[in-house]
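Observations on the model geometry
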Amino acid sequence: MALPLASLGRPLVGFVCLVLAHHVVTVTACPEADFGQLMNELCLTKFELEMEEIAKELWCDWDQTFRSYREVTNCTYLIAEKLDCYWPNHQVNDFFLAIHRHYFRACPATGRVLKDPPSNILCPFIIAPILVTLLGTALVVYKSQRNEGIV
């Protein structure tokens, strides 16, 4: 007995859609090799030149580096836009991780070197809780030693 045409139509349409979708995706996909190469040639090269102009001791100073960092970020975005790639993507992430490993690995998370506050600010914050604890303990001992009758 022959199968009805209606039962063959649904899998056939699904297969055709799958084949067409594959061709559309491969045509509109991001050219990752070109994207990585352009980021390295255009963005990284310029960033490296700008960072060489800044003394190595100032690489952690955000005021000195934010302009260069903003420009390299915009550069990667514009390349992604021209090549019709998503931004950010895994290549951009790897690109910036490499930049951070090379230029900013010794920098603290806040962008400036952390140091203790001056003693005239720090001491009251240490002494005040100690005095309050001692005063509270003395008050409890004093109240527990007083013999008051039950009213």
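Residues numbered from 1 in each chain as written. Predicted model: local features only at pLDDT ≥ 70, side-chain atom pairs only at ≥ 80, totals over all residues. Heavy atoms only, no water.

With an unreviewed UniProt entry as reference, the protein chain is termed Receptor activity-modifying protein 1, source organism Phascolarctos cinereus. The Sequence similarities (unreviewed entry) comment attached to the protein chain in UniProt states, word for word, "Belongs to the RAMP family." Its UniProt record gives the protein chain the following Subunit (unreviewed entry) comment, quoted word for word: "Heterodimer of CALCRL and RAMP1; the interaction induces allosteric modulation of CALCRL function and CGRP1/CALCA and CGRP2/CALCB ligand specificity. Heterodimer of CALCR and RAMP1; interaction forms the AMYR1 receptor complex for amylin/IAPP and CGRP1/CALCA ligands." (UniProt positions renumbered as here; feature names shortened; annotations may be inferred.)

1. As for the environment of Gln-64
Checked against the element boundaries, Gln-64 lands in helix H3 (residues 62-82). Judged by relative accessible area, which is 37%, Gln-64 ranks as partly exposed. Placed 10 residues apart in sequence, Gln-64 and Ile-54 show a C-alpha to C-alpha distance of 7.4 Å. If sequence neighbours within four positions are ignored, Gln-64 has contacts with Ile-54 and Leu-58. (Helix = DSSP H or I, 4+ residues; strand = E, 2+ residues; numbered from the N terminus. Buried < 20%, exposed > 50% of the residue type's maximum accessible area, 1.4 Å probe, protein only. Contact = heavy atoms within 4.5 Å.)

2. Some words on the UniProt feature "transmembrane region" (unreviewed entry) in the protein chain
When the UniProt feature table is mapped to this numbering, "transmembrane region" (unreviewed entry) covers residues 121-142. The distance from the first to the last C-alpha atom of residues 121-142 is 32 Å, and the span holds 100% helix and 0% strand.

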